[in-house]
Amino acid sequence: MQELCLPKTRFGMFITGSEIPSWFVPRKSVSFAKIAVPHNCPVNEWVGFALCFLLVSYAVPPEACHHEVECYLFGPNGKTIISSRNLPPMELDCPHLYILYLSIDKYRDMICEGVVGSEIEFVLKSYCCQSLEIVRCGCRLVCKQDVEDIYENSIISSSEEIGVASEKVRII
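Since the model is a prediction, treat every value here as computed from it, not as a measurement.

1. Concerning the overall build of the protein chain
Part 1: When helices and strands are tallied, the protein chain shows 2 helices and 9 strands.
Part 2: Secondary structure elements in the protein chain, listed N-terminal to C-terminal, are β-β-β-β-β-β-β-α-β-β-α.
Part 3: Buried positions account for 36% of the 172 residues belonging to the protein chain.
Part 4: Within the protein chain, contacts between residues at least 6 apart in sequence are counted, and of these 85% link residues at least 24 apart.
Part 5: Within the structure as shown, the protein chain displays about 10,100 Å² of accessible surface, and the carbon and sulfur contribution to it stands at 55%.

Dropping the structure here:
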């Protein structure tokens, strides 16, 4: 198998949706995502963190506030801001998902200093107004195995689509 191209940069998506995908581990708290440090996966196998926040805006009109959200990583020396962005206007009462991927590379030293045998904690905050509700969140520690699984599933899906296309060609 060829060497995988592992994601090295932070990226985020903002999409409509009312359910946090099952791939993310759901959290009981609203804006705090705590990831337990797995004992069966060494730190050198970690690729990054995937966070998903379900948001609803009550701003009237929707353009009235470009909600500013900040995501923090809590470590042994306090909190570190890792992402800040203004969200695009959201339809009133329409749920949206803010999905954020963070590469481990930038935070590896900070994490390794103080979380062994503990948890890694992220929090999403909005300071701009009171019209943005963070409904719930989910998170996942992304390991090399996850990337390999996604890669293998995409190859299988692609080959199935090619097979379906060739079947259609034969029928016609």
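2. Points about the environment of Ile82
Part 1: Its location among the elements puts Ile82 in strand β6 (residues 78–86).
Part 2: The class of Ile82 is buried, set by a relative accessible area of 8%.
Part 3: With 12 residues separating them in the primary sequence, Ile82 and Glu70 have C-alpha atoms 7.6 Å apart.
Part 4: Excluding anything up to four places from it in sequence, Ile82 contacts Arg10, Cys71, Tyr72, Leu73, Leu102, Tyr107 and Phe122.

3. Concerning the nonpolar core
One recurring pattern in soluble globular proteins: nonpolar side chains tend to sit buried together.
Part 1: The biggest cluster of nonpolar side chains holds 30 residues, and the ones touching the most others in it are Trp46, Phe49, Leu51, Leu55 and Phe122.
Part 2: For this core, the element with the most residues is strand β9 (residues 132–143), which contributes 6 residues.
Part 3: Discounting residues that sit within four places of it in the chain, Leu55 has contacts with Phe14, Leu87, Met90, Cys94, Pro95, His96, Tyr98, Leu124, Leu132, Glu133 and Ile134.
Part 4: With 11 residues, the next largest nonpolar core counts Phe24, Cys52, Leu97 and Tyr101 among its residues.

4. What to know about the environment of Ile99
Part 1: Tracing the backbone through its elements, the reader meets Ile99 in strand β7 (residues 96–103).
Part 2: The exposure class assigned to Ile99 is buried, which follows from its relative accessible area of 12%.
Part 3: Sequence spacing of Ile99 and Gly138 is 39 residues, and the spatial spacing of their C-alpha atoms is 9.4 Å.
Part 4: Once residues within four sequence positions are removed from consideration, Ile99 is found in contact with Phe11, Gly12, Met13, Ile15, Phe24, Leu51 and Cys52.

5. Some words on the pattern of salt bridges
Part 1: Applying the stated criterion across every chain, the model contains 1 salt bridge.
Part 2: Its salt-bridge partner being Asp146, residue Arg140 comes within 2.7 Å of it at the nearest N-O pair.
Part 3: Residue Arg140 is classed as partly exposed on the basis of its relative accessible area, which comes to 23%.
Part 4: In this structure Asp146 comes out as buried when scored by relative accessible area, which is 10%.

6. A short note on the packing of aromatic side chains
Part 1: As enumerated under the stated definition, the model contains 4 aromatic pairs in all.
Part 2: Ring centres of Trp23 and Phe24 lie 5.4 Å apart, and the angle between their planes is 85 degrees; on these two criteria the pair is classed as edge-to-face.
Part 3: Here Phe24 falls in the buried class, since its relative accessible area comes to 6%.
Part 4: Consider the rings of Trp46 and Phe49, whose centres lie 6.4 Å apart with planes at 75 degrees: the pair is edge-to-face.
Part 5: Joined through ring pairs, the aromatic side chains of Trp46, Phe49 and Phe122 make up one cluster.

7. Considerations on the confidence of the model for the protein chain
Part 1: Residues at a pLDDT of 70 or more form 80% of the protein chain, whose mean pLDDT is 77.
Part 2: In this model residues 162–172 is a low-confidence stretch, pLDDT under 50, and it forms 0 contacts with partners more than four residues away in sequence or in other chains.

How each quantity is defined
Note that residues are indexed from 1 along each chain, following the sequence as it is written. Reporting in this predicted model follows two pLDDT cut-offs: at least 70 for local features of residues, and 80 or more for side-chain atom pairs to be given and counted; totals over whole chains, interfaces and linings ignore these cut-offs and use all residues. Hydrogens and water molecules were not included; the side-chain quantities draw on all heavy atoms of the structure. The secondary structure listing takes helices from DSSP runs of H or I that are at least 4 residues long and strands from runs of E that are at least 2 residues long, numbered from the N terminus. Each residue is assigned to one of three classes by its accessible area relative to the maximum for its type, calculated with a 1.4 Å probe on protein chains only: buried under 20%, partly exposed between the two thresholds, exposed over 50%. The contact definition used throughout considers only heavy atoms, calling two residues in contact when any of these lie within 4.5 Å. Here the Shrake-Rupley method, with its probe set to 1.4 Å, supplies the accessible areas, and only the displayed protein chains count as covering residues. Residue types Ala, Val, Leu, Ile, Met, Phe, Trp, Tyr and Cys, when buried and joined through side-chain atoms within 4.5 Å, form a set referred to as a nonpolar core. Here, a salt bridge means any Lys or Arg side-chain nitrogen found within 4 Å of an Asp or Glu carboxyl oxygen. Planes of paired rings set the category: under 30 degrees apart is stacked, over 60 is edge-to-face and the rest tilted, where pairs are Phe, Tyr or Trp rings (Trp by its six-membered ring) whose centres lie within 6.5 Å. Note on scores: pLDDT gives the predictor's confidence for each residue, bounded by 0 and 100.

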